[in-house]
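Residue-level listing of the chains:
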Amino acid sequence: MLICVPEVLSKEEVAEFRRLMDAAGWEDGRSTAGAQSALVKRNEQLPPDSELARKLGHRIVSALTANPRFISAAIPLRIFPPLFNRYAASDGHHFGVHVDNAVRGDHLTGMRIRTDLSVTLFLAEPDEYEGGELVVEDNYGSHEVKLPAGDLVLYPASSLHLVTPVTSGMRVASFFWLQSMIRDAHARSMIFDLDSAIQSLVERLGRDDPETVKLTGIYHNLIRYWADV
Ligand code: NI
């Protein structure tokens, strides 16, 4: 299941990120690719250990932990330090079909995670570039994603995906992975659906309505049952 989360960063924050990123040094994106994906990856990245990548990454993680839709969809246990990439039309940048590594380790923090979900946070507006769609394959077919700057998409890290060639302009994004407390993707998806239904009931009936309180209890008990922490 693909889940979009709008307005993780404001337009002002995106503009500030872009200003800082434009002034930074970039490197070949293959430096963080596995052996197999290095064959199909053509883009540039901010050096993952650079002060700027870490600083902007922290701001993204803080924004995420305050975002109820993101928390509800991901139920994150650990969020990998966000990385940043860009695809330029002039350099024929794209990222051919691949799957992400199952485990990611960060040598600066010692964090090691099982990658349950992949995240792309868009940092360029759709009209700034042509091409550059994120294409994710799942059981229901292939899905093209291109979101407004500041929005993100969550998708299963186990899925085949690619970024189509950028044919004009520049695609700028942050990307990272997370380990969810709920390893089972179907359970996570049902828990998200239940929470979404509860939130609309709360709006109609109030948070203290006895039935919404009962459903909220069931929601938490499902997390207790499925959580692997
Ligand atoms: Ni990938």
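Because the structure is predicted, anything quoted here is derived from the model rather than measured.

1. A short note on the overall build of the protein chain
Part 1: Helices and strands together make up the secondary structure of the protein chain, namely six helices and 16 strands.
Part 2: Computed over its C-alpha atoms, the radius of gyration of the protein chain comes to 18 Å, within 12% of the 17 Å expected for a compact globule of 229 residues.
Part 3: The principal-axis extent of the C-alpha atoms belonging to the protein chain is close to 60 × 35 × 35 Å.
Part 4: Taken over 229 residues, the protein chain has a buried fraction of 49%.

2. Topic: the environment of aspartate 49
Part 1: With respect to the element layout, aspartate 49 can be found in the loop between β4 (44-45) and α3 (51-65).
Part 2: Aspartate 49 sits in the partly exposed class, given a relative accessible area of 38%.
Part 3: The sequence separation of aspartate 49 and leucine 123 amounts to 74 residues, and the corresponding C-alpha distance is 20 Å.

3. A word on the pattern of salt bridges
Part 1: This model, assessed by the stated rule, comprises eleven salt bridges.
Part 2: With a shortest N-O distance of 4.0 Å, glutamate 133 and lysine 146 are connected by a salt bridge. With glutamate 133 in the loop between β11 (129-131) and β12 (134-138) and lysine 146 in the loop between β13 (141-145) and β14 (152-156), the pair connects residues that are 13 residues apart, well separated along the chain.
Part 3: When salt bridges that share partners are traced, they join Asp49, Arg54 and Asp106 into one network.

4. Structural notes on the coordination of the nickel ion
Part 1: Coordination sphere of the nickel ion, protein contribution only: His98 (NE2), Asp100 (OD) and His161 (NE2), at 2.1 to 2.2 Å.
Part 2: Sequence positions of the residues that donate to the nickel ion give the spacing H-x1-D-x60-H. Linking histidine 98 in strand β7 (residues 94-98) with histidine 161 in strand β15 (residues 161-163), this pair joins segments that are 63 residues apart in sequence. Histidine 161 matches histidine 98 in its accessibility class, with the two residues each being buried.

5. Overview of a nonpolar patch on the surface
Part 1: A contiguous nonpolar patch, built from Ile218, Leu222, Tyr225 and Trp226 and spanning about 420 Å² of accessible area, is present on the exposed surface.
Part 2: Along the chain, tryptophan 226 falls in helix α6 (residues 210-226).
Part 3: When its relative accessible area of 33% is taken as the criterion, tryptophan 226 is described as partly exposed.

6. Considerations on unusual backbone geometry
Part 1: Located in the positive-phi region is glutamate 7, a residue other than glycine, with phi close to 50°.
Part 2: Among the secondary structure elements, glutamate 7 is positioned in the loop between β1 (3-5) and α1 (11-22).
Part 3: Taking relative accessible area as the criterion, glutamate 7 reaches 67% and is therefore assigned exposed.
Part 4: One non-glycine residue, isoleucine 75, adopts positive backbone phi at about 40°.

7. As for the nonpolar core
Part 1: Within the largest apolar cluster, 44 residues are counted, with the highest numbers of intra-cluster contacts made by Met21, Phe70, Phe84, Leu123, Leu152 and Leu154.
Part 2: Here this core gets six residues from one element, more than from any other, and that element is α3.
Part 3: Once residues within four sequence positions are removed from consideration, leucine 123 is found in contact with Leu9, Val14, Phe17, Arg18, Met21, Phe84, Ala149, Val172, Ala173 and Ser174.

8. Comments concerning the domain arrangement of the protein chain
Part 1: With domains assigned, the protein chain is organised as domain 1 (3-180) and domain 2 (185-226).
Part 2: Domain 1 puts nine residues into the contact, and the matching count from domain 2 is five residues.
Part 3: Across the domain 1/domain 2 interface, buried area totals approximately 610 Å², and carbon plus sulfur atoms make up 63% of it.
Part 4: Inspection of the domain 1/domain 2 interface yields zero salt bridges.
Part 5: When residues of the side of domain 1 that touches domain 2 are assigned to their parent elements, the largest contribution, four residues, is made by helix α4 (residues 68-74).

Definitions and limits used
Residues numbered from 1 in each chain as written. Predicted model: local features only at pLDDT ≥ 70, side-chain atom pairs only at ≥ 80, totals over all residues. Heavy atoms only, no water. Helix = DSSP H or I, 4+ residues; strand = E, 2+ residues; numbered from the N terminus. Rg over C-alpha atoms; globule rule 2.2 N^0.38 Å. Buried < 20%, exposed > 50% of the residue type's maximum accessible area, 1.4 Å probe, protein only. Salt bridge = Lys/Arg side-chain N within 4 Å of Asp/Glu carboxyl O. Donors = N, O, S within 2.8 Å, 3.2 Å for Na, K, Ca; no water. Patch = residues over 30% accessible without salt bridge, like charges linked within 9 Å, V, L, I, M, F, W, Y side chains within 5 Å. Areas by Shrake-Rupley, 256 points an atom, 1.4 Å probe, with all protein chains shown as cover. Core = buried A, V, L, I, M, F, W, Y, C linked by side-chain atoms within 4.5 Å. Contact = heavy atoms within 4.5 Å. Domains from an automatic or database assignment. Buried area = accessible area lost by both parts, 1.4 Å probe.

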